[in-house]
Amino acid sequence: AGYQTEAALERELIDDLKNQGYEYVPEITSPDALLTNARKQLQTLNQVVFTDAEWTRFVDEYLDKPSDSLVEKAKKVHENHIYDFVFDDGHIQNIYLVDKTNITRNKVQVINQFEQTGTQANRYDVTVLVNGLPMVQIELKKRGVAIREAFNQVHRYSKESFNSESSLYKYLQIFVISNGTDTRYFANTVKRNKNSFDFTMNWAKADNTLIKDLKDFTATFFQKNTLLQILLTYSVFDTSDTLLIMRPYQIAATERILWKIKSAYQTKQWGTAEGGGYIWHTTGSGKTLTSFKVARLATGLDFIDKVFFVVDRKDLDYQTMKEYQSFSPDSVNGSESTAGLKRNIDKDDNKIIVTTIQKLNNLMKSESNLPIYQKQVVFI
């Protein structure tokens, strides 16, 4: 293994992905071939057939709009992945880029040695396609070479060709870099301050043991369901157009809390100590993002009526509101007063309510019989 070449490392990675159910399509090495394959995959996902004219129009209007930047492409994955397309015969159909409800319906493929020219011609190592769109780029260096070289190479490609005109590679969400012995991942972002090597992350088990070796990383991170969850569930495209991919411990915490909410519901442990729990976070480890993700996913559970995010001081209340709103502007109801809190609770929109303990306490003291008391809520 000490003498394994980069090409051998790449072959082994592709074999491992094939064994995990990825379809390997070695013939996709050019932008034209990539687009043809995307058409096939999106037709299958949406159970439609585009005529050539319709497909060209779909690509120009939505899939690869000439004016699209990296930001618009990321929005298509995170916010508007469904497009109302008008077919030539006049009927309208929702065309999905990804299926977020039934994650297993998304098709994963792997290609390698893809060539593309921007200001320079580049050839990329390994790309993972989701429904035909490049979403994960893996750059490899042979063992013994510093992993930072792979990081620098990704940057060079970003400048020279990933984002060249009408390039589907603007759909890239995640970069993975590895030299076989150390493997890291990071989000594709245009923000200069988020582009340093410090933002690369190791993958880890739920107990926080790092998974650095490429083989182990492939078996866990690239397990089909895990990868799709990371791409479609455990990432946030915030209001300042920054893509945030959650860290392994954030994902583990989120999954554990959601499991707890569900099991408390099933075993009827509402309002008991057994029905809750706590997550311990160090300073600066991203607890707002973790709690926001939990709150968002909890509002999506069909047996939950409201999610309360309870803090203990007014300034913190405002700060949390602001942070939450930076992730998603319209998912949060803050309230200025106890009366405002009551109004927010009465609203039917399934939103997260940020409030202080004091306001909540005043409300419950002054109102002995609110409809919300009979409903199922989550407190964070």
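Each remark here, short or long, concerns the structure printed above.
Position numbers for residues start from 1 in each chain and track the written sequence from start to end. Since the coordinates come from a predicted model, pLDDT governs what is reported: local features require at least 70, and pairs of side-chain atoms require 80 or more to be given and counted, while whole-chain, interface and lining totals use all residues. The basis for every side-chain value is the complete set of non-hydrogen atoms in the structure, without hydrogens or water.

Describing the overall build of the protein chain
Thinking step 1. Elements are defined by DSSP. Helices are runs of H or I of four residues or more, strands are runs of E of two residues or more, and each kind is numbered from the N terminus. Within the protein chain, the secondary structure is distributed over 12 helices and 16 strands.
Thinking step 2. The principal-axis extent of the C-alpha atoms belonging to the protein chain is close to 70 × 60 × 40 Å.
Thinking step 3. What makes two residues a contact is simply this: any of their non-hydrogen atoms within 4.5 Å. Long-range pairs, those at least 24 residues apart, make up 64% of the contacts in the protein chain with a sequence separation of at least 6.
Thinking step 4. In short, Shrake-Rupley with a 1.4 Å probe defines the accessible areas, and a residue's cover is counted only from the protein chains shown. With the model as given, the accessible surface of the protein chain reaches about 18400 Å², and the carbon-plus-sulfur share is 50%.
Thinking step 5. The distance from the centre of the 47 positive side-chain charges to the centre of the 47 negative ones in the protein chain is 5 Å. The sign given to each residue is positive for Lys and Arg and negative for Asp and Glu; His and the chain ends receive no count. Positions of charges follow a simple convention, taking NZ of Lys, CZ of Arg, CG of Asp or CD of Glu.

Re the pattern of salt bridges
Thinking step 1. Salt bridges are identified by distance alone: a Lys or Arg side-chain nitrogen within 4 Å of an Asp or Glu carboxyl oxygen. Tallying each qualifying case throughout the model produces 17 salt bridges.
Thinking step 2. Across the pair D15 and K18 runs a salt bridge, and its minimum N-O distance is 3.7 Å. Highlighted residues: D15 and K18, both in helix α1 (residues 6–19), separated by three residues, approximately one helical turn.
Thinking step 3. Between D16 and K215 there is a salt bridge, with the nearest N and O atoms lying 2.8 Å from each other.

As for the side chain of D16
Thinking step 1. By secondary structure assignment, the location of D16 is in helix α1.
Thinking step 2. Setting aside residues no more than four positions away along its own chain, D16 makes contact with K215 and T218.

Let's talk about the pairing of strand β4 (residues 108–117)
Thinking step 1. Most of β4 sits inside the fold, with seven of its 10 residues counted as buried.
Thinking step 2. When β4 meets strand β5 (residues 121–130), the two strands line up antiparallel, connected through nine bridges. Each residue of the ladder has a partner; that of Q116, found in β5, is N122.
Thinking step 3. The pairing criterion for strands is at least two bridges between them, as found by DSSP. Counted along the chain from β4 to the antiparallel partner β5, the turn is three residues long. The classification of residues rests on relative accessible area computed with a 1.4 Å probe and restricted to protein chains. Under 20% of the type maximum is buried, over 50% is exposed, and intermediate values are partly exposed.

With respect to the sheet that holds strand β15 (residues 352–356)
Thinking step 1. With parallel pairing, the four strands of this open sheet are ordered in space as β14-β15-β13-β16. Two strands bound the open sheet, and with one partner strand each, they are β14 (332–334) and β16 (377–379). For this sheet the average axis-to-axis angle between neighbouring strands, irrespective of direction, equals 25 degrees. Geometry is summarised by axes, namely lines fitted to C-alpha atoms with helices restricted to the contacting stretch, and by angles between N-to-C directions that run from 0 to 180 degrees.

A closer look at the sheet that holds strand β6 (residues 133–140)
Two pairing modes exist for strands in a sheet, parallel and antiparallel, and in both the strands are linked by backbone hydrogen bonds.
Thinking step 1. Spatially, six strands are ordered β1-β4-β5-β6-β7-β8 in an open sheet, and the strand pairing comes out mixed. In the strand order of this sheet, the two ends are held by β1 (23–24) and β8 (183–187), each with one partner.
Thinking step 2. Pairing of β1 with β4 involves two bridges; the strand directions are parallel. The partner of Y24 across the bridge, within β4, is V110.

Re unusual backbone geometry
Thinking step 1. The phi torsion at Q47 lies on the positive side, around 50 degrees, for a residue other than glycine.
Thinking step 2. Relative to the helices and strands, Q47 resides in the loop between α2 (31–46) and α3 (52–63).
Thinking step 3. Q47 gets classed as exposed once you look at its relative accessible area, which sits at 69%.

Section: helix α11 (residues 338–346)
Thinking step 1. Turning to α11, its buried residues are G340, L341, N344 and I345. Down the axis of α11, the smallest arc covering the buried residues is 140 degrees, so these residues share one side.
Thinking step 2. Those residues of α11 that are buried are in contact with β13 (306–311), β14, β15 and α12 (357–366). Summarising the geometry, the arc corresponds to the directions from the helix axis toward the C-beta atoms.

Side note on the packing of aromatic side chains
Two descriptors summarise a pair of aromatic rings, namely the distance from one centre to the other and the angle between the planes of the rings.
Thinking step 1. Pairing of aromatic rings covers Phe, Tyr and Trp, the last counted by its six-membered ring, and requires centre-to-centre distances within 6.5 Å; plane angles under 30 degrees mean stacked, over 60 mean edge-to-face, and any other angle means tilted. Within the structure shown, the criterion is met by 33 aromatic pairs.
Thinking step 2. Here the aromatic rings of F162 and Y169 are separated by 5.8 Å at their centres, their planes lie at 5 degrees, and the arrangement is stacked. The same class applies to F162 as to Y169, namely buried.
Thinking step 3. An aromatic cluster of at least three residues, connected via ring pairs, comprises F114, Y124, F151, Y157, F162, Y169, F175, F186 and F197.

Things to note about the environment of D99
Thinking step 1. With respect to the element layout, D99 can be found in the loop between β3 (92–96) and β4.
Thinking step 2. Each C-alpha atom, one on D99 and one on L228, is 10.0 Å from the other, the two residues being 129 residues apart in sequence.
Thinking step 3. Separated by 2.8 Å, the side chains of D99 and R105 make a polar contact. Counting of polar contacts relies on pairs of N or O atoms within 3.5 Å, with two restrictions inside protein: one atom must be capable of donating a hydrogen and the other of accepting it, and residues adjacent in sequence are counted only when both atoms are side-chain atoms.

Quick look at the side chain of Q137
Thinking step 1. Checked against the element boundaries, Q137 lands in strand β6.
Thinking step 2. Those residues in contact with Q137, other than ones at most four positions away along the chain, are Y124, D125, V126, T127, F162, Y169, L172, I174, F175 and V176.

What to know about the environment of T36
Thinking step 1. Following the sequence through the fold, T36 ends up in helix α2.
Thinking step 2. A relative accessible area of 54% places T36 in the exposed class.
Thinking step 3. It is 8.8 Å that separates the C-alpha atoms of T36 and G132, two residues lying 96 residues apart in sequence.
Thinking step 4. Engagement of the side chain of T36 in a polar contact is seen with the backbone oxygen of D32, the distance being 2.9 Å.

None of the figures reported here should be taken as evidence of function without further support.
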